[in-house]
Amino acid sequence: DAGITQSPRHKVTETGTPVTLRCHQTENHRYMYWYRQDPGHGLRLIHYSYGVKDTDKGEVSDGYSVSRSKTEDFLLTLESATSSQTSVYFCAISAQGVEEQYFGPGTRLTVT
Amino acid sequence: QKEVEQNSGPLSVPEGAIASLNCTYSDRGSQSFFWYRQYSGKSPELIMSIYSNGDKEDGRFTAQLNKASQYVSLLIRDSQPSDSATYLCAVMGGGATNKLIFGTGTLLAVQP
């Protein structure tokens, strides 16, 4: 998985609780992305980062925030989880000047 | 709304046959195109990228791009049961963006 880890790999949480997912890379790539994957919708971009402390919204950013304080870590936070945020979350990375994105192993999140 | 369309399948082919997977996209300014393979319960794995009109071959895989028709395809020669997976088409728009738009994927089943 191209030097990308995600934690936790599985999580069950209750509606209304905050949740933070972590993506860690050892490739020193500039760009990092958070996607969610749902049946019938495919992969959709939530947020992405183009450098430390530089982030931007994706297609489905409502209810999510991100932070990147170090090159290697990109955090995705659900401030108050809802059942509609039950999904599989993938982190991806890409290098500057290179368009190919490589994915981490994913986190399966269930909000009850 | 920029869209990437794929037939969800399943596409069933016998072992040894050629599997043909198709994808259309709506953004005429798109410049970069990717095919990912995703096994059930796993993360997407990049298998091909193509940037200019025509064919690009890599082993048993051939990607074909026709920008005038806004069409990209993936051919898998000598299909093997291990090729059974969901194939995701992804398109990157023109301009200074690293955002990928994914199709919902085509499920390929190779019958022994």
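Summarised in this report is the structure supplied together with it. (Residues numbered from 1 in each chain as written. Chains lettered and ligands numbered in written order. Predicted model: local features only at pLDDT ≥ 70, side-chain atom pairs only at ≥ 80, totals over all residues. Heavy atoms only, no water.)

Per the secondary structure count, chain B includes zero helices and 11 strands. Counting from the amino terminus, helix and strand elements in chain B follow one another as β-β-β-β-β-β-β-β-β-β-β. At 13 Å, chain B has a C-alpha radius of gyration in line with the 13 Å of a compact globule built from 112 residues. Its C-alpha atoms put chain B at 45 × 30 × 20 Å along the principal axes. Put simply, chain B has 112 residues, and 46% of those count as buried. Sequence separation of 24 or more characterises 55% of the internal contacts of chain B that already satisfy a separation of 6 or more. Of the accessible surface of chain B, which amounts to about 5,200 Å², a share of 48% is contributed by carbon and sulfur atoms. When the 9 basic and 10 acidic side-chain charges of chain B are each reduced to a single mean position, those positions are 7 Å apart. (Helix = DSSP H or I, 4+ residues; strand = E, 2+ residues; numbered from the N terminus. Rg over C-alpha atoms; globule rule 2.2 N^0.38 Å. Buried < 20%, exposed > 50% of the residue type's maximum accessible area, 1.4 Å probe, protein only. Contact = heavy atoms within 4.5 Å. Areas by Shrake-Rupley, 256 points an atom, 1.4 Å probe, with all protein chains shown as cover. Lys, Arg positive; Asp, Glu negative; His and termini not counted. Charge placed at Lys NZ, Arg CZ, Asp CG, Glu CD.)

A few words now on the side chain of Thr 106 of chain B. Residue and element names in this part refer to chain B. If you trace the backbone, Thr 106 turns up in strand β11 (residues 106-111). In this structure Thr 106 comes out as buried when scored by relative accessible area, which is 5%. At a separation of 2.4 Å, a polar atom in the side chain of Thr 106 contacts the main-chain carbonyl oxygen of Asn 7. (Polar contact = N/O pair within 3.5 Å; in protein donor to acceptor, adjacent residues only side chain to side chain.)

Once that is clear, we can look at the interface of chain B and chain A. Opposite the 19 residues of chain B that make contact, chain A presents 23 residues. Between chain B and chain A, the buried area comes to about 1,600 Å², and carbon and sulfur atoms account for 53% of it. Among the residues chain B hides against chain A, the three largest losses belong to Asn 98, Lys 99 and Phe 102 of chain B. Together they make up 33% of the total. Applying the counting criterion to the chain B and chain A interface returns zero salt bridges. (Buried area = accessible area lost by both parts, 1.4 Å probe. Salt bridge = Lys/Arg side-chain N within 4 Å of Asp/Glu carboxyl O.)

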